[in-house]
Amino acid sequence: MIPQIDAFFTAWSIADDATRDAQVADSLSDEIVYADPRTADPLTTVAAVQAYVGQFSKMAPGMPVAVINTSTTLTYARATVQFGEGDQSQLGQYTVDLAPDGKITRMVGFVGMGAPA
């Protein structure tokens, strides 16, 4: 696993705002771009990403979120993330750009695993 990506997604399950915000901030570069199917526009500040993750935590309190697979090429990563457990879980894939220090600079998420052509 890639520590910053794992920390970013495990933060989604943290109920305490200050603890969650700190963990999100520690995983992100100061210059961040985040987008997924539920964001109307890319989020471009750490504070905006913290607020977004906080909304998830409030809407799905205690829902486990876990990185279940990663692969890397140079400073780019692909992460498969599981939201929830069992029959009610959903998978998503994220492409991630990492800074030299390992922090996340860009993350784009997609629902599901993609259908084979």
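First, a word on what this report is: a plain description of the structure on this page. Bear in mind that the values here come from a model prediction, so they are computed numbers and not experimental data.

### Section: helix H1 (residues 3-10)
Looking at H1, one finds that the buried residues are Gln 4, Ile 5, Phe 8 and Phe 9. For H1, the angular spread of the buried residues around the axis is 125 degrees, confining them to a single face.

### Re the packing of helix H2 (residues 17-27) against helix H3 (residues 46-59)
Contact pair H2 / H3: the axes reach a minimum separation of 10 Å and the direction vectors enclose 130 degrees. The pairing of H2 with H3 is recorded here as oblique in orientation. Here H2 runs over H3; the crossing is right-handed. Counting all contacts with H2, which are made through Asp 17, Arg 20, Asp 21, Val 24 and Ala 25, the residues of H3 involved are Val 46, Val 49, Gln 50, Val 53, Gly 54, Ser 57 and Lys 58. Here the residues of the contact of H2 with H3 are counted per class, giving five nonpolar, three polar and four charged.

### What about the environment of Val 46?
As for its position among the elements, Val 46 is in helix H3. Look at Val 46 and you get buried, because its relative accessible area is 17%. Sequence separation of Val 46 and Ala 25 is 21 residues, and the distance between their C-alpha atoms is 6.3 Å. Each residue touching Val 46, except ones within four places of it in the same chain, is listed here: Ala 25, Leu 28, Ser 29, Asp 30 and Ile 32.

### A word on the side chain of Ser 57
The residue Ser 57 is located in helix H3 in this model. A relative accessible area of 9% means that Ser 57 is categorised as buried. Setting aside chain neighbours within four positions, we find Ser 57 in contact with Ala 11, Trp 12, Ile 14 and Arg 20.

### A short note on the packing of H1 against H2
At a minimum axis separation of 8 Å, H1 and H2 run at an interaxial angle of 155 degrees. In terms of orientation, H1 and H2 fall into the roughly antiparallel class. For the element pair H1 and H2, the recorded crossing hand is left-handed. Contact residues: H1 offers Gln 4, Ala 7, Phe 8 and Thr 10, while H2 offers Gln 23, Val 24 and Ser 27. By residue class, the composition of the contact of H1 with H2 is three nonpolar, four polar and no charged.

### Here we look at the sheet that holds strand E5 (residues 104-111)
The five strands are arranged E1-E5-E4-E3-E2 in an open sheet whose pairing can be described as mixed. Two strands close off the open sheet at either side, each with one partner strand: strand E1 (28-35) and strand E2 (65-73). Averaged over all adjacent pairs, the angle separating strand axes in this sheet is 20 degrees, with direction ignored. Two strands pair when backbone bridges link them, and strand E3 (residues 76-83) and strand E4 (residues 90-98) are joined in this way by eight bridges, in the antiparallel orientation. Residue pairing for E4: Gln 82 is matched across the bridge by Leu 91. Contacts from H2 reach E1 and E5 within the one sheet, and its direction differs from that of E1 by about 100 degrees. Where H3 meets the sheet, its contacts fall on E1, E2 and E3, and the angle it forms with E1 comes to roughly 55 degrees.

Conventions we followed
Residues numbered from 1 in each chain as written. Predicted model: local features only at pLDDT ≥ 70, side-chain atom pairs only at ≥ 80, totals over all residues. Heavy atoms only, no water. Buried < 20%, exposed > 50% of the residue type's maximum accessible area, 1.4 Å probe, protein only. Helix = DSSP H or I, 4+ residues; strand = E, 2+ residues; numbered from the N terminus. Arc of directions from axis to C-beta. Axes fitted to C-alpha atoms, helices over the stretch in contact; angles between N-to-C directions. Parallel < 35°, antiparallel > 145°, perpendicular 65-115°, else oblique. Left-handed = near helix turned anticlockwise from the far one by under 90°. Contact = heavy atoms within 4.5 Å. Nonpolar A, V, L, I, M, F, W, Y, C, P; charged D, E, K, R; others polar. Pairing = 2+ DSSP bridges.

Purely spatial values, then, with no claim about function.
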